[in-house]
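# Geometric and topological summary
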Amino acid sequence: MNEENQEYNKSFDKEMWKKVIKYILRHWKVLLLLISSLVILSGLESVTPLLTRYAIDNYIESGSTDNMEWFIAIYFLVILIKASSIFALIYLAEKLFLEVSHSIRKDAFEKLQKLSFTYYDNNTVGSLIARVTSDTWRLTGIISWGLVDLFWGFFTILTVTTLMFFLNVKITLAVLGVIPLLLLVSVYFQKKILKSTRESRKYNSAITASFNEGIQGATTTKTLVREKKNLEEFDIKTEKFKSAAIKIAVLSALFFPIVSALGILGTSLALWTGGVMVFGGIVTIGTLSAFISYTQLFFFPINDLARIFANFQMAQAAGERVFTLLDANVDIFDHDEVLKQYGLVKASDNVPKLQGNIEFRNVSFTYTKGEQVLNNFNLKVERGQSIAIVGETGSGKTTIVNLACRFYQPTSGEILIDGINYQDIPLMHVQGNLGYMLQTPHLFSGTIKDNITYGNLQATQEEIEHAAKLAEAHDFIMNFEKGYGHTISKGGGGLSTGQKQLICIARAIIANPSIFILDEATSSVDTHTEKAIQLAIGQVIKGRTSFIIAHRLSTIRQADRILVLDKGNVIEEGTHNELIANEGHYYKLYTSQFLEEQELEILN
Amino acid sequence: MKHKKINLLLSFIKGNRRNYIIAILFMILATMTSLINPLIIKLAVDSVIDKQPVSLTGVFLSMFNNIGGRDVLINNLWILGCLLILISVFNGIFNFLSKKYIAIVSERTAKNMRNKLYDHIQYLSYSYHVKVDTGDLIQRCTSDLDKIRRFISQQLMEIIRALTLISTALAIMLSLNVNLSIVSFVVTPIIVFVAFKFFKFIKIKFKETDEAEGKMTTVLQENLNSMRIVRAFAKQDYETDKFNKASKKFKETDFVVSKLMAWYWGATDFICDVQLGAILILGTVWATKGLLTIGTLLAFMAYSHNMIWPIRNLGRVLADMGKASVSLNRISEIFDEIGEDIDLESGLTPKINGEISFDHVSFEYEEGKPVLNDVTFHIEKGQTIAILGGTGAGKTTLVNLLVRLFDVKSGAVTIDGINVKDINRKWLRKKIGIVLQEPFLFSRTIKENIAFSNYNATEEQIESACRVASIYNVIRHFDKGFDTMVGEKGVTLSGGQKQRVAIARTLLNNHSILIFDDSLSAVDVETDAYIRDQLKKNLHSTTTLIISHRISTLKQADKILVIEKGMITQQGTHYELIREQGLYKEVFDIQSSLQSDTTKGGETRE
């Protein structure tokens, strides 16, 4: 709500428009053609009344239709070109619109692939989607068609004024006399309408929010018996919205007749002054009729100016949101030294295999929101070792993994991979050697095969099956009618959570990473699948440096080393047996965890 | 079916029908007055400027002569100018009144619809809300509703206007010149037909565009949601490629529509110009032969010009009416769902002491899948009852039946001996407080959330409820204390904090029966115990039901119910149950075999 309010109060944002123009100029050929078609169209539209004038003066007044076939031919030529230019203008305006929005979307998406997770922490997925889709759409749509309106209006006024002056100066001056009045009225009304529009938008989003809460909180409302009061509160909002909407409608209902009355004033001024001149023989009846048409053609774009202005304001608001994304700072990138040494390394490049020795050296880390998560953290992991990290929410488990993946970089201190500070090697060398498995299994829509080969796009069918077998996934995959070709739709496509996890493991295996990250799920799966997952995890961590954020005891026990974290510090460290013998924090955690697992097993 | 939908629409408009008719009448008047000006111009051109005989009849002729006829007007052309303006003023006033009234009608109707929808949704059954797709429902309440509003305020008016315009203009034109009228109307049906067919056809294309856009958005959404996977597998380039393809596909699909649009507008413009050309050329030819005057020709040109847009638009509006009908359908579907408690005033409103009985209660949500099976138990007033059971065992269903979120199908649930089916639902829920496992907090301040159902609560009452729920100090620590906003625009509360706020919210009403539906699950054991202790001190006469699987919680209850697969398998006190074989003892054994007192499961107390 607040955001919307601000949007419409902002004044002209020059910087933003400069950037928009740059995008439009990428398609300058289309723009040029578009402007040409507009020049032709407005020119022809201004010529049409002259044809009528010619017909009246030359045929009707003289009473003969000699050479009329020429007139007919010209008339048809004119309307044919006019129709073609209308075709061209819609074609080109839409082309410009679609091309520019495609360009912006492309750039925005590419940007999103580079932005660090700090950015994602501060922006919801919903708002990012809106920026790439609807905001971009609105911005480019309004601009393309706004340009059409502006250029068309400009050329029409220009040619009509020129032609009118050419026909008769005195009548023209009389007609133009109406303009200042018209502008005054326009500005006055549009200001008022804009203000009410802002207000109604505010109420509109409040109503949507109320519907949202009303639906999501329906059960709560029922248990608290608040239906009546809810409706009363809702009624206040709808009443305000209704009043604002009526106000806008009444204002524009008042505005348009006044404007068209002013247009008629122009027409009658033309009729009056022009009529007198017809008697005097100064102008012909044909000229007078042309003037009457011109007054209407002339006022149309002026009436429209206010609407175009309001649209541009809306485009500006959308544009500002789009460009905050396009201009956002990428804070994890290869610095100049790295670029000099390695050149530009892209995600699709083949990267050298890392060994997987990882060392955290005096690492401190603070999220942008201010809370320090790690303070002078030290950790050395040998290649091939598996590390289980346990601890409560907020103890820093995920942060350590995020730093190891270089999703974030240390605020101070350094992280070494194979003895080199990882900021001194290309980002892709690090991330190209990673395997990752998330708490909630993330599959893409597509076939099972697509999802497994996501780990290695060049994998052969044999490699795929091999990975699936290692991940204990082959058997259930073959149970699907289409086997590896089984489609996973948005809903999950008949796969259980456990099965999805197994596919994720296969995906990680096929990537053959040096470093493997497992952010384990807490969700319970049946014992059979649980066993399969354990076996598969055992396969994937074999011979790789791995970090496991573990919840299941069976997983924890598989690790070479267990770190118990509390508030960013390692408070206990060792193997499972050592730690149990210690009877410290791990022991407590283990027992309570064990308890919960056992209990759930009994209850269900 | 169709009839029913129209009735629904009429019920929304109800109370505004008179205004609607006024709006339509004014619009007809406005349309008619807009057709007078070309006649005045004709008069000016023909009978004043030129020397044609006056073609006026009746009143208008005598008016013309009263002014002084051509002789006066020729020297005072301003009179006709003023007449033009006067007509425009009338036209403006009619237009204004029509738009004003239609705005009143449509906005009132929209408000009516919003309120009715909102209220209806509130009263829809619990089972509806469990399965409903929130996004879809909101869309129905907002954009579908807006489509209907636009149908009332624009589309219908547009159709009436176009028809008035065509028929009136046709009448005038016929009276002026029959032959030219025929020429003028030859293409009209063609254009309406072409427009209608075109916009019907293009709908299919629009759908394809929507699908292409949907696919693109899915790629984007999946990418953003799986960003860690994308990065960890270094698939940025692959993803970019995938998105570019989808974006390009969308661009191209949409461009197909654009091209069709370009063809349509270009072609119809041409047809209209041919029409104007035919009038101009044939009119000129006939004028040279003296069959019609210049003024008549100009009037015809003006009429045709004015009609082009409404006629081209008519086909489009007709084609678009389908959309409004679909929207109306989607809204009427909501109203077709039967809400609970059609008449809220019926039923008993007894004083509730808190004695609860389940007597051979069975229940199933879906046919053949019983959730509760012959459940019988009894709770005395003031007792504390704990319920233990696994996921899907039927615990929550027990609670739902008690407050009539669902109604019992066989057997009976009674409170103080009265069957709950006979008790007014609202009354029942007012007397029974429930704290849900995942309570919903509204995006308001914490204070407003707590006083959500008891808006007259004093500061002290709120604070004391918060102290009992052990959330007081947490709230105090927020920057704005009790005035801190909850949700997107304020603080994000953890699961345990939400549960405690919800407990405070429920406590603010004095209930005879309190139910905690696993609503301390995200709170750590110590805080759990503290809250229960506080409750006991404050609410000794309240019957309390606690669903939990913490032995420490269960064991303090006066009675424990163990529920498995919809059946009560054990009931008794802690000491009774640990002496018999069963689920309770199994759970107890594990918990006691390990030092349960030191367990950490949730958040520590403030």
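Residues numbered from 1 in each chain as written. Chains lettered and ligands numbered in written order. Predicted model: local features only at pLDDT ≥ 70, side-chain atom pairs only at ≥ 80, totals over all residues. Heavy atoms only, no water.

On to the overall build of chain A. On a plain count of helices and strands, chain A comes out with 22 helices and twelve strands. Taken against the 2.2 N^0.38 rule, which gives 25 Å for 604 residues, the C-alpha radius of gyration of chain A at 35 Å runs more than 25% over that of a compact globule. Based on the C-alpha atoms only, the size of chain A along its principal axes is roughly 120 × 60 × 55 Å. The contacts of chain A with a sequence gap of at least 6 include a subset with a gap of at least 24, amounting to 78%. Of the roughly 26,500 Å² of accessible surface on chain A, a fraction of 56% belongs to carbon and sulfur atoms. Taking the average place of the 56 positive charges on the side chains of chain A and the average place of its 60 negative ones, the gap between the two points comes to 6 Å. (Helix = DSSP H or I, 4+ residues; strand = E, 2+ residues; numbered from the N terminus. Rg over C-alpha atoms; globule rule 2.2 N^0.38 Å. Contact = heavy atoms within 4.5 Å. Areas by Shrake-Rupley, 256 points an atom, 1.4 Å probe, with all protein chains shown as cover. Lys, Arg positive; Asp, Glu negative; His and termini not counted. Charge placed at Lys NZ, Arg CZ, Asp CG, Glu CD.)

Residues and elements named next belong to chain B. Tallied over the entire structure, the rule returns 37 salt bridges over all chains. The salt bridge partner of D146 is R149, with a shortest N-O separation of 2.9 Å. Here R149 and D146 lie together in helix α8 (residues 134-176), a separation of three residues that amounts to about one turn. You can call R149 buried: its relative accessible area is 16%. Several salt bridges share partner residues, and in doing so they unite D136, R140, D144, R330 and E333 into one network. (Salt bridge = Lys/Arg side-chain N within 4 Å of Asp/Glu carboxyl O. Buried < 20%, exposed > 50% of the residue type's maximum accessible area, 1.4 Å probe, protein only.)

A word on the confidence of the model for chain B. Put simply, chain B has an average pLDDT of 85, and 95% of its residues get 70 or more. Ranking the elements of chain B by mean pLDDT puts helix α4 (residues 58-67) of chain B last with 71 and helix α2 (residues 17-33) of chain B first with 94. (pLDDT = per-residue confidence, 0-100.)

Take the confidence of the model for chain A next. All names here are of chain A. On average, residues of chain A carry a pLDDT of 85, and 93% of them reach 70 or more. Between the elements of chain A, mean pLDDT differs from a low of 44, seen in helix α1 (residues 2-9), to a high of 93, seen in helix α4 (residues 68-114). In the model, residues 1-8 has pLDDT below 50 throughout and makes 14 contacts with residues more than four positions away in sequence or in other chains.

Let's shift gears to the interface of chain B and chain A. Listed by partner, the interface residues are 130 residues for chain B and 133 residues for chain A. Taken over both partners, the interface formed by chain B and chain A buries close to 12,700 Å², and the fraction arising from carbon and sulfur atoms is 72%. Put simply, chain B and chain A have six salt bridges between them. One salt bridge connects D235 of chain A with K111 of chain B, and the closest N-O pair in it is separated by 3.1 Å. Between the two partners, chain B and chain A, sit 26 residue pairs in polar contact (both at pLDDT 80 or more). For the side of chain B that touches chain A, the element with the highest residue contribution is helix α12 (residues 236-288) of chain B, accounting for 33 residues. Among the residues forming the side of chain B that touches chain A, the class breakdown is 64 nonpolar, 36 polar and 30 charged. (Buried area = accessible area lost by both parts, 1.4 Å probe. Polar contact = N/O pair within 3.5 Å; in protein donor to acceptor, adjacent residues only side chain to side chain. Nonpolar A, V, L, I, M, F, W, Y, C, P; charged D, E, K, R; others polar.)

Right, let's get into a nonpolar patch on the surface. All names here are of chain A. Judged by side-chain polarity, I21, L25, W28 and L32 come together as a nonpolar surface patch covering roughly 420 Å² of accessible area. Only α2 (14-25) and α3 (28-60) provide two or more residues apiece to the nonpolar patch. Relative to the helices and strands, I21 resides in helix α2. We classify I21 as partly exposed; its relative accessible area is 44%. (Patch = residues over 30% accessible without salt bridge, like charges linked within 9 Å, V, L, I, M, F, W, Y side chains within 5 Å.)

The next point concerns the domain arrangement of chain A. All names here are of chain A. According to the domain assignment, chain A consists of domain 1 (13-168 + 315-331), domain 2 (169-282) and domain 3 (341-433 + 551-604). Between domain 1 and domain 2, the C-alpha centre-to-centre distance is 25 Å. With four residues of domain 1 at the contact, the number on the domain 2 side is nine residues. Summed over both sides, the interface between domain 1 and domain 2 buries roughly 560 Å², with carbon and sulfur atoms accounting for 65% of that surface. In terms of surface lost to domain 2, no three residues of domain 1 exceed M164, F165 and N168, which account for 90% of the buried area on that side. (Domains from an automatic or database assignment.)

The next point concerns the nonpolar core. Core analysis: the biggest nonpolar cluster contains 147 residues, and L112, F360, Y436, I452, I505 and F547 of chain A have the highest contact counts within it. When residues of this core are assigned to domains, at least three fall in each of domain 1 (13-168 + 315-331) and domain 3 (341-433 + 551-604) of chain A. Ignoring sequence-local partners within four residues, the contact set of Y436 of chain A consists of V401, C405, F407, F516, I517 and D519 of chain A together with R228, I229, A232 and F233 of chain B. The next biggest cluster of nonpolar side chains, apart from the first, holds 94 residues, and it includes V178 and F298 of chain A together with I49 and L292 of chain B. (Core = buried A, V, L, I, M, F, W, Y, C linked by side-chain atoms within 4.5 Å.)

A word on the domain arrangement of chain B. Structurally, chain B comprises domain 1 (16-177) and domain 2 (356-436 + 510-598). Here domain 1 of chain B and domain 2 of chain B have C-alpha centroids that lie 65 Å from each other.

Further remarks concern the sheet that holds strand β10 (residues 567-572) of chain B. Residues and elements named next belong to chain B. Read across the sheet, six strands follow the order β6-β7-β8-β3-β9-β10 without closing on themselves; strand pairing throughout is mixed. Only two strands of the sheet have a single neighbouring strand rather than two, namely β6 (432-435) and β10. For this sheet, the mean inter-axis angle between neighbouring strands, taken without regard to orientation, is 15 degrees. Here strand β9 (residues 559-564) pairs with β10 via five bridges, running antiparallel. Each residue of the ladder has a partner; that of I560, found in β10, is G572. (Pairing = 2+ DSSP bridges. Axes fitted to C-alpha atoms, helices over the stretch in contact; angles between N-to-C directions.)

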